[in-house]
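Examining the three-dimensional arrangement
Here is how the chains run, residue by residue.
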Amino acid sequence: MPQFKELRSFVSVVSSGSLSNSAKTLQLSKSTISRHLKNLEQDVGSILLKRMPNSLVPTEAGLCFYDYCEQILSIAKEAKQELDTLDEKVQGEVVIYVDTGLLRGWLGDVVTQFLTRFPDVSVTLKTDIKSNSNQWQDNILLYMGQLPESSQRQEKLCILWQGVFGSKDYFKCNGYPNSPEDLINTHWLQLIGNKNEQLVMTNQGGETLSVPVPSSRIQSDQLVLQGDAISQGHGLGLLPLWQAKMRLNAHPECFERCLKDWVGHPVPIWLCYPFGKLAKKQRAFIEHIKSNLPQEWDNELCQEM
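The structure displayed is predicted, hence computed values, not measured ones.

**Considerations on the nonpolar core**
A general tendency of soluble globular proteins is for nonpolar side chains to be buried together. In this structure, Leu 142 and Trp 297 are the most contacted members of the largest nonpolar core, which totals 43 residues. Elements with a contribution of two residues or more to this core: strand S3 (92–98), helix H5 (103–117), strand S5 (140–144), strand S6 (153–166), helix H7 (223–231), helix H8 (241–250), strand S13 (262–273) and helix H9 (280–290). Setting aside residues up to four positions removed in sequence, Leu 142 forms contacts with Ile 96, Tyr 97, Val 98, Asp 99, Leu 102, Trp 106, Leu 107, Leu 157, Trp 270, Leu 271 and Ile 289. In this structure, Val 13, Ala 23, Leu 49 and Leu 73 belong to the second largest nonpolar core, which totals 16 residues.

This is the structure in structure tokens:
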């Protein structure tokens, strides 16, 4: 049976057309390559090369065999790379770009568990996600909402439904809305980037209402800041139910939900990472994230109101 070294010599000679060029490329003697070719022809039982005065030219059988040799060597290379990864140690820095809305109440504990599991790894969390920057596209991204333009592999982990929230002081001064139409006359807090002029709300019975978005005196581009503005009594606004629950666990009575039978448009949570072969430390972090998602992120639970 042919050996890989013989196949490599054959492919090199066919590509270069001479023993001398192949000897330089493979860093072998011409006599060694000649022996490889002779053994290969004996193994396959066919003449693969014509010996010309100044070159070696593949026969018809040689051309056919050459295509298979390239495939065999390519598969062997991939197999070797996979075997190498089995011995690869999970170590080094893992850079994670993350939406600030995911930092509180979940990701910190997940990262701590990851560091405990892999003591030779360090994690760098960055929140400067800019749609005009390519830096984060070479790393792992955890994002809430509509993704910036990206060339990465994209996995939707779940969707989070949103409710309308306000502080107790706000409700004390302004009362509670009884229906989505009442939001027109409230102090509304709008996230920057939400360009919809209509607020679409859906109730448990499947009824949908669309109301004009009230003018917003305070706007932010981060859900964390949106939650701060709501808890400070500046007005009413949408928050993902999961994120609101995390904040209420940490700061009871900072705000409360109104219009409890209604939800706003859902917010998707994305896991993105580069195409191609990832470093073992990156693959380990992705597997760790997927196995440590909050129970509330289950799609069915997220749709409960």
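**Structural notes on the packing of helix H2 (residues 19–26) against helix H3 (residues 30–44)**
Two elements in contact, H2 and H3, have axes separated by 9 Å at closest approach and are oriented at 105°. When the axes of H2 and H3 are compared, the pair comes out roughly perpendicular. Of the residues in H3, those in contact with Leu 19, Ser 20, Ser 22, Ala 23 and Leu 26 of H2 are Lys 30, Ile 33, Ser 34 and Leu 37. Looking at the contact of H2 with H3, its residues break down into five nonpolar, three polar and one charged.

**Considering H7**
Among all positions in H7, only Leu 223, Val 224, Gln 226, Gly 227, Ala 229 and Ile 230 are buried. Taken from the residues just after H7, Gly 233 is the one with a positive phi, measuring 85°.

**Some thoughts on the side chain of Thr 59**
Structurally, Thr 59 can be placed in the loop between strand S2 (56–58) and helix H4 (60–87). A residue is classified by how much of its surface remains accessible, and Thr 59, at 11% relative accessible area, is buried. A polar contact of 2.7 Å, which involves the side chain of Thr 59, links it to the backbone oxygen of Ile 47. With near-sequence residues (within four places) excluded, Thr 59 lies in contact with Ile 47, Leu 48, Leu 49 and Lys 50.

Calculation notes
Residues numbered from 1 in each chain as written. Predicted model: local features only at pLDDT ≥ 70, side-chain atom pairs only at ≥ 80, totals over all residues. Heavy atoms only, no water. Core = buried A, V, L, I, M, F, W, Y, C linked by side-chain atoms within 4.5 Å. Buried < 20%, exposed > 50% of the residue type's maximum accessible area, 1.4 Å probe, protein only. Helix = DSSP H or I, 4+ residues; strand = E, 2+ residues; numbered from the N terminus. Contact = heavy atoms within 4.5 Å. Axes fitted to C-alpha atoms, helices over the stretch in contact; angles between N-to-C directions. Parallel < 35°, antiparallel > 145°, perpendicular 65-115°, else oblique. Nonpolar A, V, L, I, M, F, W, Y, C, P; charged D, E, K, R; others polar. Polar contact = N/O pair within 3.5 Å; in protein donor to acceptor, adjacent residues only side chain to side chain.

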